Amino acid sequence: MKLVVVESPAKAKTIEKYLGPGFKVLASYGHVRDLPAKDGSVNPDDGFAMEWENYADKTRQLKAITDEAKTATSLILATDPDREGEAISWHVQEVLRKRKALPADTVRVTFNAITKAAVLKAMAEPRALDEDLIDAYRARRALDYLVGFTLSPVLWRKLPGAKSAGRVQSVALRLVVDREREIEAFKAQEYWSVAADLEQDAVPFVARLVKWRGDKIDRLTIGKEGDAQAAKADVEAARLSVSSVETKPLTRNPPPPFTTSTLQQEAARKLGFSASHTMRIAQSLYEDGLITYMRTDGVQMDESAISAARKAIAERYDGGYVPDKPRIYQTKAKNAQEAHEAIRPTDFSREKAGSGDHARLYELVFKRATASQMASARLERTTVDLSDGTGTLGLRATGQVVLFPGYLALYEEGRDDERDEESRRLPRISEGDSPAVKAVRAEQHFTQPPPRFSEASLVKKMEELGIGRPSTYASTLQTLKDRDYVRIEKNRFFAEESGRLVTAFLERFFEKYVSFDFTAELEEELDDVSGGRANWQAVLEAFWKDFKPKTVEVMEQKPSEVTAELDTFLAPFLFPDKSDGTDPRLCPNCHEGKLALRGGRFGAFIACSNYPECKYTRRFAQPGGAEAGGDTGPEELGKDPETGEPITRRSGRFGPFIQLGEGEKPKRSSIPKDVPVLDLAIAIRLLSLPRTVGDHPESGKPVTASIGRYGPYLAHDGKYAKLASTDEVFETGMNSAVVKLAEAAAGGGRRGAAREPIAVLGAHPEGGAEIKVMEGRFGAYVTDGTTNATLPKAADPKALTLDEAVMLLAERAAKGPAKGKKPVKKAAAKKPAAAKKAPAAKAVVAKKAPAKKAPAKKKAPVAV
């Protein structure tokens with residue numbers, strides 16, 4: 001029996017079916033071991049020796065692989081065809097070697113698609129493990145570990161609130177922060193445009209002013225309204241005629257098939273997917289045998305795929321859409337070792353596959369790969385110039401016409417910033433024509449700051465700068481979100497104050513290690529290791545000899561010294577010059593003290609030097625002075641009529657709140673966002689919560705209304721119902737409360753409780769229960785009311801048959817309850833109460849010493 005090891009169970013099941021008898025295919029479920037999260041896992045003093053530790057949750061998989069390996073005639077390592085896949089194979093091999101279960105015949109095979117032809121071809125071409133790729137993996141893993149375990153503790157001790165730093169993560173964060181600074185430093189410039197609405201043969205078109213009073217007009221030339229109105233009047237008074245019509249042919253070639261990076265960018269633009277979601281869906285499509293491997297820098301398809309694509313194009317369109325020769329694309333990958341075939345469908349005759357997001361991403365891959373082998377689009381770009389009789393005034397209209405769509409009939413690449421001026425249609429027009437002037441417009445504009453990064457544009461920028469590698473972009477961006485260094489609003493990255501502070505710290509004390517050039521050069525050195533052109537230990541030694549002393553130097557500084565340095569470094573942002581020339585550091589509250597950066601338990605903030613006499617503070621991320629919304633300390637709203645204690649408005653870590661009196665545990669209430677004006681009366685009402693609406697007519701138990709973490713709500717006997725506003729907390733009566741609680745109970749709090757089934761397949765042949773196909777949170781599933789079975793990703797929910805559904809339900813039922821769920825046990829019958837005995841004399845029982853707690857594990861910094 002030959003043992004084949006792959007990563008995923010879905011892949012294992014498919015490959016075992018292709019290989020047939022004589023093969024046993026097992027899944028490792030990804031990586032099986034890693035560097036333990038503790039000091040000393042990488043030893044720079046011993047040639048960067050690494051101490052590996054098996055994952056605790058992979059014990060069962062490793063035991064199964066070991067047991068099979070002991071009796072197998074050979075071991076075939078068939079993990080993914082990239083650096084990480086090579087590393088998984090190496091780890092499995094080393095684990096088996098330690099357990100003395102490694103077969104003498106151990107080989108490595110790779111395939112780019114999970115199809116029978118690709119798998120059988122790979123089995124016929126075995127090779128040894130690629131030591132260069134394994135060295136590259138070890139170098140990257142050691143670097144990430146050393147940066148994480150050396151730099152993160154410096155952050156924790158010197159910068160309260162900071163969470164972690166990473167070799168690629170911190171540089172990607174700097175890109176986001178730098179863009180935020182550009183936007184804040186940007187000063188909008190006013191400019192005006194003058195355009196005429198014209199008409200020729202009943203076809204309207206627009207021409208813009210390009211020449212006025214003999215001078216060329218650029219976008220920013222007209223900066224004042226007076227000049228714009230004068231130009232508008234001149235255009236209205238002019239007798240315009242066409243001075244020239246220039247027509248140029250234009251050819252647009254199709255883009256190449258997707259690489260990892262371009263797939264992430266296009267899925268973000270067209271489908272709104274995050275990079276991590278794109279990679280999860282692509283992994284699933286790959287494992288289902290629908291697309292080729294999705295981690296690649298290559299843009300070329302193999303010859304058989306090109307032939308299949310050309311055949312599919314010829315069948316769908318006429319011969320004109322198939323170019324005379326196949327298109328050959330050149331890869332821009334920096335390392336040929338890691339560049340594989342582009343991402344493409346495994347079957348070009350299959351236009352659609354799967355459902356939901358899987359279907360949408362598959363369609364994108366299919367169209368892009370097919371379009372890459374289609375004919376070029378032929379267009380005609382026309383420029384029409386108009387002038388007055390004197391030649392001192394001119395207007396220009398541009399447009400283009402698609403003469404032959406070519407690949408555009410199937411696919412057009414998305415853009416981050418759309419510009420459609422040149423795609424306007426123009427009427428048939430000739431030199432000497434005088435189109436009618438319908439209207440002339442002078443419009444005011446302001447220059448716009450550079451846009452914040454979207455996932456697509458950030459991935460594109462990282463690739464341009466050579467920061468990280470496409471296979472790591474998704475995890476890098478996810479780490480920034482998980483650390484709360486950035487937030488996403490309308491698909492754009494905003495730098496959080498914690499992210500800005502960490503970036504400032506790293507720029508001030510570790511400038512070299514967050515520079516774009518250094519990071520890109522280090523990536524190239526790691527690529528050299530992959531290609532066998534550099535020694536991995538030499539690369540690590542060169543990095544470590546400068547990095548370690550720098551961290552020791554910073555660690556020796558006092559936190560107050562670090563804060564003082566950051567205060568100076570960030571002064572242009574925190575204390576920008578004022579237009580009136582006054583001191584930007586002067587406290588707006590006491591007008592005597594100086595503002596400076598301070599470090600607190602929950603992060604950095606700005607405070608007055610006259611503390612505690614002056615309690616003015618403002619958040620770190622609020623540049624400016626009094627207008628920046630600083631906190632001047634507690635503001636008394638009045639006295640509580642019952643207790644006589646003061647009610648004050650304050651600012652806290654989580655926003656504004658009100659407090660009754662002082663003391664160790666004073667009563668507090670957050671101020672809801674829908675309370676526009678806070679006065680004493682409203683404050684008293686908020687502090688009185690929860691409000692008792694009354695006793696429920698059915699249960700007799702109280703119904704209360706209050707404001708919680710997720711907003712206003714009703715509560716009754718452990719059940720809850722949302723309220724729409726703060727006003728409803730004080731105004732909802734018992735009748736309305738009963739209805740709202742009943743409606744909430746009927747919904748059960750479940751998403752999609754009233755969702756219609758995708759399909760009703762009929763009665764179950766055994767129990768008679770109705771079988772339905774439903775749309776769930778994680779995709780389509782089939783249910784008989786008792787058992788739910790998820791549909792395979794490639795299955796079409798609308799095409800599922802009753803027999804297929806019954807089989808899926810039977811397979812799911814045979815597996816038993818889902819992990820973590822226990823079957824409900826019947827309550828044990830109550831024993832009759834024993835008769836009361838007279839109290840016995842108290843026995844002296846020695847107390848058992850408390851069990852000694854195991855030492856807490858050290859928190860592991862995550863570095864990407």
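Quick look at the structure, then.

1. Observations concerning the side chain of Thr551
Topologically, Thr551 is positioned in helix H16 (residues 536-555). Those residues in contact with Thr551 that sit more than four places away from it in its chain are Thr150, Val154 and Phe510.

2. Topic: empty space enclosed by the protein
Summed over the entire model, instances satisfying the criterion amount to three cavities of 30 Å³ or more. By volume, the second largest cavity amounts to about 90 Å³. Together, 14 residues line the second largest cavity, and Val147, Leu151, Gly166, Arg167 and Tyr513 are the ones closest to its centre. Mapped onto the lining of the second largest cavity, the elements with two or more residues apiece are helix H5 (131-158), helix H15 (516-530) and H16. Take the lining of the second largest cavity: its biggest share by element is three residues, from H15. Looking at the lining of the second largest cavity, its residues break down into ten nonpolar, three polar and one charged.

3. With respect to the packing of H15 against H16
Where H15 meets H16, the closest approach of the two axes is 9 Å, and the angle between their N-to-C directions is 160 degrees. Taken together, the axes of H15 and H16 are roughly antiparallel relative to one another. Contacts between H15 and H16 pair Phe518, Leu522, Glu525, Leu526 and Val529 from the former with Trp536, Val539 and Phe543 from the latter. Of the residues contributing to the contact of H15 with H16, the split by class is seven nonpolar, no polar and one charged.

4. Details of the pairing of strand S27 (residues 711-716)
Within S27, five of the six residues are buried, which leaves the element mostly enclosed by the surrounding structure. As paired elements, strand S26 (residues 702-708) and S27 share six bridges and run antiparallel to each other. Looking at the pairing, Thr704 lines up with Ala715 of S27. The turn linking S26 back onto S27 is made up of two residues. Hairpin geometry of S27 and strand S28 (residues 719-722) is characterised by an intervening segment of two residues between the two adjacent antiparallel strands and by a positive phi of about 50 degrees at Asp717.

5. Let's talk about the nonpolar core
Ranked by internal contacts, the top residues of the largest apolar core, which has 153 residues, are Phe111, Leu361, Met462, Phe505, Phe510 and Leu566. Looking at this core, the element that brings in the most residues is H5, giving 13 residues. Those residues within four positions of Leu566 in sequence are excluded, and the remaining contacts are Leu159, Leu501, Ala504, Phe505, Arg508, Phe509 and Leu597. Core analysis: the next-biggest nonpolar cluster, separate from the first, contains 25 residues, Leu386, Leu395, Val440 and Ala442 among them.

6. Notes on the sheet that holds S26
Read across the open sheet, the four strands follow the order S25-S26-S27-S28; overall the sheet is antiparallel. Looking at which strands have only one partner, the edges of the open sheet turn out to be strand S25 (691-695) and S28. For this sheet the average axis-to-axis angle between neighbouring strands, irrespective of direction, equals 25 degrees. Sheet topology note: the S27/S28 ladder contains four bridges and is antiparallel. Along S28, the bridge assignment pairs Tyr713 with Lys722.

7. Description of the side chain of Thr503
Relative to the assigned elements, Thr503 resides in helix H14 (residues 497-509). Residue classification places Thr503 among the buried residues on the basis of a relative accessible area of 3%. Every residue in contact with Thr503, bar those within four places of it in the chain, is listed here: Leu173, Arg174, Val177 and Arg181.

How each quantity is defined
Residues numbered from 1 in each chain as written. Predicted model: local features only at pLDDT ≥ 70, side-chain atom pairs only at ≥ 80, totals over all residues. Heavy atoms only, no water. Helix = DSSP H or I, 4+ residues; strand = E, 2+ residues; numbered from the N terminus. Contact = heavy atoms within 4.5 Å. 1 Å grid on protein atoms, 1.4 Å probe; cavity = no way out; pocket = protein on both sides within 12 Å on 5 of 7 lines; lining within 4 Å. Points joined across faces, edges and corners; volume = space filled by probe spheres on them. Nonpolar A, V, L, I, M, F, W, Y, C, P; charged D, E, K, R; others polar. Axes fitted to C-alpha atoms, helices over the stretch in contact; angles between N-to-C directions. Parallel < 35°, antiparallel > 145°, perpendicular 65-115°, else oblique. Buried < 20%, exposed > 50% of the residue type's maximum accessible area, 1.4 Å probe, protein only. Pairing = 2+ DSSP bridges. Core = buried A, V, L, I, M, F, W, Y, C linked by side-chain atoms within 4.5 Å.

None of the figures reported here should be taken as evidence of function without further support.
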